[in-house]
Amino acid sequence: MFNIQPIGYVQSCYQEKFGIPRQPNLVSEAKARIVLLDTFSLESVRGLDEFSHIWIIFRFHMTAAQGWHPTVRPPRLGGNQRVGVFATRSTFRPNALGLSVVRLVSMVEHNRQVCLDLQGADLLDGTPILDIKPYLPYVEAIPDAQAGYAQQAPCEVLQVRFSKSASVQCQQKSTQWQVNMELLIRQILQQDPRPAYRTTLKDSRAYGMRLYDFDLHWRYDADGIEVLDLSPKSSLPQTKH
Ligand code: SAM
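Rules used in this analysis
Residues numbered from 1 in each chain as written. Predicted model: local features only at pLDDT ≥ 70, side-chain atom pairs only at ≥ 80, totals over all residues. Heavy atoms only, no water. Helix = DSSP H or I, 4+ residues; strand = E, 2+ residues; numbered from the N terminus. Pairing = 2+ DSSP bridges. Buried < 20%, exposed > 50% of the residue type's maximum accessible area, 1.4 Å probe, protein only. Contact = heavy atoms within 4.5 Å. 1 Å grid on protein atoms, 1.4 Å probe; cavity = no way out; pocket = protein on both sides within 12 Å on 5 of 7 lines; lining within 4 Å. Points joined across faces, edges and corners; volume = space filled by probe spheres on them. Nonpolar A, V, L, I, M, F, W, Y, C, P; charged D, E, K, R; others polar. Domains from an automatic or database assignment.

Take the environment of Thr175 next. As for its placement among the helices and strands, Thr175 is situated in helix H2 (residues 164-177). Each C-alpha atom of the pair Thr175 and Arg89 lies 35 Å from the other, and the pair is 86 residues apart in sequence.

Here's what the structure looks like:
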């Protein structure tokens, strides 16, 4: 009935779905770039740089083929209570559309393509972008809004420590990728990316996720999380989750 084409694609530090924060702005150190198709010139974003934040409408392209269910178990309810799909921000939804508000850091033209640099995005590398709109606080920031089971930010954050070798590797990767890698990893892991049902278990196995060009490994213990290492990416995506 409709034919919607992407206007651009995301380049993101997040190379796989696991570990990406469940909403934007929880990991402020996460950098991403929207590269618009070359049919969209600088004219199409004229004036946008006067807005600190933008709405992004995108496709959950990695999960779209898996369809959807009328009810969902949100992690915020411990993963064991069901609510309607439209009462959640689940990726598994009709039309597989996502919506995130993110900080717009800068706009540049690179190889004749307009690039929007973002901070705090919750987007997988390669995500197709369908539309962009400026965020309007005078109508969209609603201080007395009710938010059901998600009224507050997730309050429990885990302590994250780094092994000696992981600290050294973070320094190298910070220089390579021009990001504070230790801060980025700390912000990601303190949200506890595990599925909700695992967070109450005594969990001794190692976990991994892919960021930039490396695989990050960590484990849980009584004090929180220990980052074990950042290793060159293996040929297969991480599977220990
Ligand atoms: N803020 C958006 C929203 O409310 O529509 C996304 C919320 S959704 C719960 C966030 C999760 O989407 C992330 O944790 C990540 O695992 C997943 N995700 C991000 N980009 C994706 C993509 N292109 N395809 C499938 N899943 C994606």
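Picking up after the structure, the text goes on.
A separate point is the pairing of strand E3 (residues 53-59). The pairing of E3 with strand E6 (residues 97-110) spans seven bridges and is classified as antiparallel. Its bridge partner being in E6, Ile54 is matched across the sheet by Val102.

A separate point is helix H3 (residues 181-189). Helical geometry note: an α-helix holds 3.6 residues per turn, so side chains three or four residues apart project in the same direction. Turning to H3, its buried residues are Met181, Leu184, Ile185, Gln187, Ile188 and Leu189. Among the structural elements, strand E9 (160-162), H2, strand E10 (206-211), strand E11 (214-221) and strand E12 (224-232) are those in contact with the buried residues of H3.

Here we come to the layout of surface pockets. If you add up the space inside the second largest pocket, you get close to 350 Å³. Secondary structure elements with two or more residues in the lining of the second largest pocket: strand E1 (8-12), strand E2 (31-36) and strand E7 (113-119). Considered class by class, the residues forming the lining of the second largest pocket number six nonpolar, five polar and five charged. Two domains each put at least three residues into the lining of the second largest pocket: domain 1 (8-140) and domain 2 (160-235).

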